[in-house]
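Spelled out, the chains give:
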Amino acid sequence: FLLQRCDQLQIRPTTSALPVTTNGPLPLAGKSFVLTGTLLGLSRDQAADLIRAAGGNVVSAVSRHTNFVVAGESPGSKLDKARDLNVPVLSEPELRALIGSPRQHELL
């Protein structure tokens, strides 16, 4: 809702980390993501915003209901749990490709 309202008011974010607009498709709609480790091209907040802007949901813990884990450097126990539960693990470039971000390689 907030992104739609900002778009209506023609308020644009100053960072280009959010390439998905609310007027476009929501490729992650209904999908649940967990972030773990240090991402190289995005802060955790930026990655979470990117996922939410594409219709996804960011949760803090891995469970059998988690659709994807996005793993960066030094991921820790969340990666182990994802592997134990057979949850697909994505890198940051794979996340960007899933979303269809036109800047998927630019920040890396």
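Computed from a prediction, not measured in an experiment: that's the story for all the values here.

**Student:** Would you mind going over the overall build of the protein chain with me for this structure?
**Tutor:** Across its full length, the protein chain holds 4 helices and 4 strands. Secondary structure elements of the protein chain occur, N-terminal to C-terminal, as α-β-α-β-β-α-β-α. A total of 108 residues make up the protein chain; the buried ones form 33% of that total. In the protein chain, of all internal contacts separated by at least 6 residues, the share reaching a separation of at least 24 is 63%. Taken as a whole, the protein chain presents about 6500 Å² of accessible surface, with 51% of it coming from carbon and sulfur.

**Student:** Is there a simple way to explain the confidence of the model for the protein chain in this structure?
**Tutor:** Low pLDDT marks stretches whose predicted atomic positions should not be read closely. Averaged over every residue, the pLDDT of the protein chain is 82; the share at 70 or more is 70%. A low-confidence stretch, residues 15-21 stays under pLDDT 50, and its non-local contacts, those more than four residues away or across chains, total 17 contacts. Below pLDDT 50 for its whole length, residues 103-108 participates in 12 contacts with residues either more than four positions away or in separate chains.

Calculation rules
- Residues numbered from 1 in each chain as written.
- Predicted model: local features only at pLDDT ≥ 70, side-chain atom pairs only at ≥ 80, totals over all residues.
- Heavy atoms only, no water.
- Helix = DSSP H or I, 4+ residues; strand = E, 2+ residues; numbered from the N terminus.
- Buried < 20%, exposed > 50% of the residue type's maximum accessible area, 1.4 Å probe, protein only.
- Contact = heavy atoms within 4.5 Å.
- Areas by Shrake-Rupley, 256 points an atom, 1.4 Å probe, with all protein chains shown as cover.
- pLDDT = per-residue confidence, 0-100.

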